[in-house]
Number of protein chains: 2
Amino acid sequence: MRLSEFELEVMQLFWVCAQLSAPEAHQEIIKNKDVTYSTVKTIIDRLEKKGAIKRTSQKGRTIFYGAAIQSDDIKQPLISSFIKKVFGGETRPLFNHLVNEEKLSRDDIAYLEELLEKKKKELD
Amino acid sequence: MRLSEFELEVMQLFWVCAQLSAPEAHQEIIKNKDVTYSTVKTIIDRLEKKGAIKRTSQKGRTIFYGAAIQSDDIKQPLISSFIKKVFGGETRPLFNHLVNEEKLSRDDIAYLEELLEKKKKELD
DNA sequence: CAACTATATCGACAAGTGTAGATTTATGAG
DNA sequence: CTCATAAATCTACACTTGTCGATATAGTTG
């Protein structure tokens, strides 16, 4: 399933919050960008039509939605295709960028080193 | 400057090849996807209009183009915004994915470790 | 030089995307 | 029970994107 940029942004809310109404989602979104309720609701409608979220309950007129797809099912392919598109599938240039251009703290580095240690053991 | 997915794909050619004509670009592209010359030429026209490439020379009727923007000027923001969109700006989940889901060779791991060593020294 | 052919140029179109106004309607408050 | 209001529903529109065909034209070749 392909999600547009904005759809993904809204979807993230549902991956964090189990239940969310359109007005609530709108409240969250406008913390970052200035859009009307209608706009957010349209995105929610499209997500529903795509089967990315589904109605889970209702309180008064207000409909609550919940994620109907796993975050990983969307993100994994997204990452792979991103690496492919931007780096021709090579991970090294990406690591390079990550380590050198993004602000890594010492903790981040330690975290990564630990990941690598684990990975090395698995490879044996 | 924002590039569409296909525009980026074509742009990659110009970052590898200093000079490229539309027919040549087309030849390259059809190695991966089945599109007509017209389609590729349209993308090239749009890239030119955007100022991403420019005409560098001409041989007969054939126009040669070259990149007018640096690869990094496009890729760096692309990576940052990707991390933000998909991981809320957190690099760790991305590292997690990279180390565990993408196929890393021992060499890749060694490479990354070296990167990290260097980085650590820089931080001192 | 005339015809052929490869390129360039131009216009077009459907689908997807971000955006939002207008309209309907179910509820909760009085 | 009526009414105000919030939420849902519906419709719309401009812009981007991928896609290409038709047409014009400049070189190349016999």
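Note that the structure is predicted; figures quoted are calculated from it, not measured.

**Section: the overall build of chain A**
Summing up its helical and strand segments, chain A has 6 helices and 3 strands in all. Here the C-alpha atoms of chain A give a radius of gyration of 19 Å, more than 25% beyond the 14 Å that 2.2 N^0.38 yields for 124 residues. Its C-alpha atoms give chain A principal-axis dimensions of roughly 55 × 30 × 30 Å. Within chain A, buried positions represent 40% of all 124 residues. Residue pairs in contact within chain A that sit at least 24 positions apart in sequence constitute 49% of those at least 6 positions apart. Put simply, chain A shows about 7300 Å² of open surface, and 49% of that area lies on carbon and sulfur atoms.

**Examining the packing of helix 6 (residues 106–123) of chain A against helix 6 (residues 106–123) of chain B**
For any two helices packed against each other, one specifies the crossing angle of their axes together with the interaxial distance. Relative orientation of the contacting elements helix 6 of chain A and helix 6 of chain B amounts to 160 degrees, with a least axis distance of 11 Å. One finds that helix 6 of chain A runs roughly antiparallel with respect to helix 6 of chain B. As for how helix 6 of chain A packs across helix 6 of chain B, the hand of that crossing is left-handed. Along the contact surface, helix 6 of chain A presents Arg106(A), Ile109(A), Leu112(A), Glu113(A), Leu116(A), Glu117(A), Lys119(A), Lys120(A) and Leu123(A), while helix 6 of chain B presents Arg106(B), Ile109(B), Leu112(B), Glu113(B), Leu116(B), Glu117(B), Lys119(B), Lys120(B) and Leu123(B). Of the residues contributing to the contact of helix 6 of chain A with helix 6 of chain B, the split by class is 8 nonpolar, no polar and 10 charged.

**Looking at the protein's contact with DNA strand C**
Around DNA strand C, the surrounding shell holds 23 residues, and the nearest of these are Ser4(A), Thr39(A), Thr42(A), Tyr37(B) and Arg61(B). Of all atoms in DNA strand C that approach within 4 Å of the protein, 59% are sugar or phosphate atoms. Between Arg46(A) and DNA strand C, the recorded distance is 3.0 Å, taken from a side-chain N or O atom to a base nitrogen. When residues of the surface near DNA strand C are traced back to their parent elements, those giving at least two are helix 1 (5–16) and helix 3 (37–50) of chain A together with helix 2 (22–29), helix 3 (37–50) and strand 3 (62–67) of chain B. Tallying contributions element by element places helix 3 of chain A first for the surface near DNA strand C, with 5 residues.

**A short note on the sheet that holds strand 1 (residues 20–21) of chain A**
Residues and elements named next belong to chain A. Pairing within the open sheet is antiparallel, and its 3 strands lie in the order 1-3-2. This sheet does not close on itself; its edge strands, each paired only once, are strand 1 and strand 2 (53–59). Alignment of strand 1 against strand 3 (residues 62–67), held across 2 bridges, turns out to be antiparallel. Bridge pairing in strand 3 links Leu20 to Tyr65.

**Here's the deal with the pairing of strand 3 of chain A**
All names here are of chain A. Bridge count for strand 2 against strand 3 is 6 bridges, and the pairing is antiparallel. Residue Arg55 lies in a different strand from strand 3, and its bridge partner there is Tyr65. Between strand 2 and strand 3, which pair antiparallel in sequence order, lie 2 residues; one of them, Gly60, sits at a positive phi of approximately 65 degrees.

**Examining the protein's contact with DNA strand D**
Close to DNA strand D lie 22 residues; Tyr37(A), Arg61(A), Ser4(B), Thr39(B) and Thr42(B) are nearest. Within the backbone of Ile63(A), an N or O atom sits 3.2 Å from a phosphate oxygen of DNA strand D. Taking Thr36(B), its main chain carries an N or O atom lying 3.1 Å from a phosphate oxygen of DNA strand D.

**As for the relation of the copies chain A and chain B**
When chain A is fitted onto chain B, the two copies agree to an RMSD of 0.1 Å after a turn of 180 degrees and an axial shift of 0.0 Å. Given the turn and translation reported, the copies of this chain are related as if by a two-fold rotation axis. Among all C-alpha atoms of chain A, that of Glu113(A) lies closest to the rotation axis, at 3.6 Å. A share of 100% of the interface residues of chain A reappears at the interface of chain B, consistent with the copies meeting face to face through the same patch.

**Topic: the interface of chain A and chain B**
Contacts between the two partners involve 40 residues from chain A, matched on the other side by 40 residues from chain B. Regarding the contact of chain A and chain B, the summed buried area is about 4400 Å², with carbon and sulfur atoms giving 64% of it. For the chain A face of the interface with chain B, the top three residues by lost area are Arg92(A), Phe95(A) and Leu116(A), together amounting to 15%. Across the contact surface, chain A and chain B share 9 salt bridges. Across the pair Asp108(B) and Arg92(A) runs a salt bridge, and its minimum N-O distance is 2.7 Å. Between the two partners, chain A and chain B, sit 20 residue pairs in polar contact (both at pLDDT 80 or more). Breaking the side of chain A that touches chain B down by element, the ones donating at least two residues are helix 1, helix 4 (71–87), helix 5 (92–101) and helix 6 of chain A. In terms of residue count, helix 6 of chain A provides more of the side of chain A that touches chain B than any other element does, 13 residues in total.

Rules of the game
Along each chain, residues carry numbers from 1 onward, in the same order as the chain's sequence is written. Note on labels: chains are lettered from A, ligands numbered from 1, in written order. In keeping with the predicted nature of the model, local features appear solely for residues at pLDDT of at least 70, side-chain atom pairs appear and are counted solely at 80 or more, and the whole-chain, interface and lining totals rest on all residues. Side-chain metrics in this entry use all non-hydrogen atoms of the structure; hydrogen atoms and water are not considered. Only runs of H or I of at least four residues qualify as helices and only runs of E of at least two qualify as strands under DSSP, and these elements are numbered from the N terminus. We take the radius of gyration over the C-alpha atoms and set the globule estimate at 2.2 Å times the residue count to the 0.38 power. The buried label applies to any residue whose accessible area, calculated with a 1.4 Å probe on protein chains only, is under 20% of its type's maximum; exposed applies above 50%, and partly exposed to all values in between. Between two residues, a contact is recorded if the distance between any of their heavy atoms is within 4.5 Å. Residue exposure ignores everything except the shown protein chains as possible cover, and the areas themselves are Shrake-Rupley values with a 1.4 Å probe. Only the contacting stretch of a helix is used when fitting its axis, a line to C-alpha atoms as for every element, and angles between N-to-C directions run 0 to 180 degrees. Between 65 and 115 degrees an angle is taken as roughly perpendicular, under 35 as roughly parallel, over 145 as roughly antiparallel, and anywhere else as oblique. Here a crossing is called left-handed whenever its near helix is offset anticlockwise from the far helix by less than a right angle, and right-handed whenever the offset is clockwise. The residue classification treats Ala, Val, Leu, Ile, Met, Phe, Trp, Tyr, Cys and Pro as nonpolar and Asp, Glu, Lys and Arg as charged. All others, Gly included, are polar. Residues are classed as near a molecule or strand on a simple rule: at least one heavy atom within 4 Å of it. For the purposes of these results, a polar contact is taken to be a pair of N or O atoms within 3.5 Å, where, inside protein, one atom must be able to donate a hydrogen and its partner to accept one; residues adjacent in sequence count only when each atom of the pair is a side-chain atom. One requirement defines pairing of two strands: DSSP has to find at least two bridges between them. Only residues with pLDDT of at least 70 in both copies count here: their C-alpha atoms drive the least-squares fit that superposes the copies. When two parts are brought into contact, each loses some accessible area as probed by a 1.4 Å sphere; the total of that loss over both is the buried area. Between Lys or Arg on one side and Asp or Glu on the other, a salt bridge is scored when a side-chain nitrogen of the former is within 4 Å of a carboxyl oxygen of the latter.

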